[in-house]
Each structure stands twice: as C-alpha cells, then as structure tokens.
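Notes for the structure review
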Amino acid sequence: MLKIDMFSTATKIKGQGVGSAYTELVRMLTEKFPQQFEIEINKYNRTDLSHYHTIDPMFYLSTFSKKRGRKIGYVHFLPETLDESLTIPGPFRKLFYKYVIAFYKRMDEIVVVNPTFIPKLENYGIKRDKITYIPNFVSKNEFHSVNNVEKKNLRKQYHFDEQKFTVICTGQVQTRKGVLDFAKLARQNPDFQFIWVGGFSFGAMTAGYEELKQLVNHPPVNLVFPGIVDRNKLVDYYDMADVFLLPSFNELFPMSVLEAFSCGLPVVLRNLDLYKKIIGGYYISADDETQMNSDLKKLASSPDLIQKFVKKSQEASTYYSENHLAKIWYKFYTEQAEIGRVKGQINVKKK
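Residues numbered from 1 in each chain as written. Predicted model: local features only at pLDDT ≥ 70, side-chain atom pairs only at ≥ 80, totals over all residues. Heavy atoms only, no water.

Our next topic: a nonpolar patch on the surface. A cluster of nonpolar residues, Tyr44, Met58 and Leu61, forms a patch on the protein surface that exposes about 320 Å² of accessible area. Note on placement: Tyr44 falls in the loop between strand 2 (37–41) and strand 3 (49–52). The partly exposed category is assigned to Tyr44, whose relative accessible area is 36%. (Patch = residues over 30% accessible without salt bridge, like charges linked within 9 Å, V, L, I, M, F, W, Y side chains within 5 Å. Areas by Shrake-Rupley, 256 points an atom, 1.4 Å probe, with all protein chains shown as cover. Salt bridge = Lys/Arg side-chain N within 4 Å of Asp/Glu carboxyl O. Helix = DSSP H or I, 4+ residues; strand = E, 2+ residues; numbered from the N terminus. Buried < 20%, exposed > 50% of the residue type's maximum accessible area, 1.4 Å probe, protein only.)

Okay, structure coming up:
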C-alpha cells in the first residue's frame, strides 16, 4: 500500500476553490482506492509521497526532513495571480512572492490545475519535466441536476420567484471575478433574478473591498448575495438557476464552472485564453458585459438554446468527472512512487 501524506490548511478559509479541490481529491482517493493508498492528513510520520496543497511555513520546514519521501506541490496560484485578489502591503509583497516560488522549488514534482501556469513556472526556474497538468473535478453525487418541479420547490424554499429567469454565479466576492459587471447585468435585466453565492473569504485584504462591500450591502433589488454557503448546500443554489454566468477577468481553474457543468446548467463565461485550452466548445463565450447581456436575453427567450448548452455541460461533466480523474491521479501517484524508489527517496521495497 502506498502511503500519502496530504499537507493542507485550505479548509480553514471557507468559500475558496483551493479548499474545495482539496476536499474533493481526498474524498475521491479515500473512497476509490482504500486498498491501494493510505491517506494521512498533516502528519509528519515517514511517508512515501508528501502532497502539499498549501504553502504554510511549517510545511516548508518539513520539506527538509528525509521522512517526507517524494515531495509533490499543488500549484493553485502564482505571485502575479494574487495581485488582483488580495491587497498585500508593499514591504511584505516581494518577500512573500519570493517565498511562494521558493516553496515550489522545494518540490520534486509540481501539479498545476491550469496549463497556462507551465511556461510561467519555467520562467521562475522550474524545469518543464517536473510539471504535470491535472485538472480539477467534482462529484456527480454531490453536484447533480434536478427536474423542473424540484427546481421550483427549491426556489420556494429559499424565497426566490418560482417563475423568473434566474442567473447564478458562485465564488469569492472579488473585483477580478467580475462582480461589478454581474451587478450591472442585474440592473439591465429587472425581470431576471440574479444570485451571487460567496463572500469575502479574506476579509478586508480582498482587492477592492470597500467598493464591493458597498455593493453587497446595497445591491440592485433583483440581485441577492446569500454569502458563503456550506458546500453541502451549494448544489441547491445551482439547481435553482437557469444559467451559470461567471464574468471573471482572470481565472485559475474555477471549481464553480465544473460544479455548474455537473448540475447541467448552461454556462456563460468571459472570453479568456484559459477557457479555450481546457473547456473550449462547452460554454457560451462573451467578450464583454454587453455581449453577456445579449447572451442572457437569448437564453431566456430560447428553450432550444438552453437545451443545446445543457447537453454541452453534460458532456463536459463526463470528462471532468471523478471517475475519469481518478484514473489520472492513480497513474500519477504510482508513477511518482516508482520514481521515488529509483531515486532512493522512499523505501525500495514495495508496500
């Protein structure tokens, strides 16, 4: 049995995708490979593979121990991607960014959730042959579609209009996520209802906090901010909606899009290069808020168009399902263990 120690504090901060991705991976491995993998969480015992999901200082120090086996780093962000999400005081920013890269360089292998990170990591001095791209995934058991009767019942339960065309987005309330455009679209479409599920996971450190706080406290009458919702209730919000719209200007690999696919929602996204590489053909692409507005109106008036992109989402959810990604992760971990044995990083004797 292969022993894997997961190092993570991602679930301490609610409402962020890193925590969701970590939770999904650990659950999937535990359920699907109970005889093949022994999973420990934040233990410092001798192990075959150490998989680092967050970059805590104590985790960094642990990389110098010979007990760590082969070290795998999960890269969910780069220094430049943090600029649009968090406000970090100048004197600390450069030091923190150096630490981030130093942490990644301590790894024997890097896993990226975003293929556009690969050349950027190379620019930081990390060799291409040490980087593997593995996308995120979600559970169909957790995120699933419902019929129209159940949809109306959910709207009634959560006090939303049962008849109105409903647009949803989930994610942290951040300027880069396009929250301001989402609010503008709500104002332009008073006959629709808009829901943004998520909040300020990093509080006042959030970039644009003051302006966004004003919006959350005083939204348009047809826009609701329920705040951060427990993950086991999140599916209800997807299932209340008619369409998922993420107007983000810059993304990593949003779990929210995969969750929307899994729930069979038509998906509208801003035209970003990342999306073309990983989910091209499965969603409606819009260059700006004006085009998003036009797309929403078309969807609201065309059941056939809705059904076309429901099918697209179902296709995407099959590819990004846990069954498909389980095979990829199993192959990755077993190959890394073999490399570790050859290099003498872990016990040569198979367990």
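This paragraph deals with the packing of aromatic side chains. Applying the stated criterion across every chain, the model contains 28 aromatic pairs. When the ring of Phe37 is compared with that of Tyr333, the centres are 5.7 Å apart and the planes differ by 80°; the resulting orientation is edge-to-face. Of this pair, Phe37 sits in strand 2 while Tyr333 sits in helix 14 (residues 322–342); the two residues are 296 residues apart in sequence, bridging distant segments of the chain. Tyr333 matches Phe37 in its accessibility class, with the two residues each being buried. With a centroid separation of 6.5 Å and 35° between ring planes, the pair formed by Phe192 and Phe194 is classed as tilted. The pair formed by Phe192 and Phe194 is uniform in burial state, with each residue classed as buried. Grouping aromatic residues by their ring pairs yields a cluster made of Phe7, Tyr44, Tyr52, Phe59, Tyr60, Phe64, Tyr99 and Phe103. Just above the ring of Phe64 sits the side chain of Arg106; from NZ or CZ to the centre is 3.9 Å. Over the ring of Phe249 we find Arg270; its NZ or CZ atom is 3.8 Å from the centre of that ring. (Phe/Tyr/Trp six-rings, centres within 6.5 Å; stacked < 30°, edge-to-face > 60°. Lys NZ or Arg CZ within 6 Å of the ring centre and 35° of its normal.)

This part covers the sheet that holds strand 12 (residues 284–286). Taken together, six strands build an open sheet; the order of strands is 9-8-7-10-11-12 and the sheet is parallel. Strands at the two margins of the open sheet, each flanked by one partner only, are strand 9 (223–227) and strand 12. Ignoring strand direction, the axes of neighbouring strands in this sheet form an average angle of 25°. With three bridges connecting them, strand 11 (residues 267–270) and strand 12 associate as parallel partners. Within the sheet, the bridge partner assigned to Val268 lies in strand 12 and is Ile284. (Pairing = 2+ DSSP bridges. Axes fitted to C-alpha atoms, helices over the stretch in contact; angles between N-to-C directions.)

What follows covers the side chain of His76. Tracing the backbone through its elements, the reader meets His76 in the loop between strand 4 (70–75) and helix 3 (79–82). Setting aside anything within four residues of it in sequence, one finds His76 in contact with Val18, Ala21, His53, Tyr104, Val113, Phe117 and Leu252. (Contact = heavy atoms within 4.5 Å.)

Okay, the pattern of salt bridges next. Oppositely charged side chains can pair when the atoms bearing their charge come close. Taken as a whole, this structure holds 16 salt bridges when the rule is applied. Note that Glu24 and Arg231 form a salt bridge whose closest N and O atoms lie 2.8 Å from each other. One end of the pair, Glu24, is in helix 1 (residues 17–32); the other, Arg231, is in helix 9 (residues 231–240), and 207 residues separate them in sequence. With respect to class, Glu24 is no different from Arg231; both count as buried. Ionic pairing is found between Glu109 and Arg70, a salt bridge with its closest N-O pair at 3.8 Å. In this pair, Glu109 sits in strand 5 (residues 109–112) while Arg70 sits in strand 4, placing the two residues 39 residues apart along the sequence. Under the relative-accessibility criterion, Arg70 is labelled buried at 5%. Each of the salt bridges in this network shares a partner with another, and the network as a whole consists of Glu24, Arg27, Glu31, Glu142, Arg231, Glu259 and Glu322.

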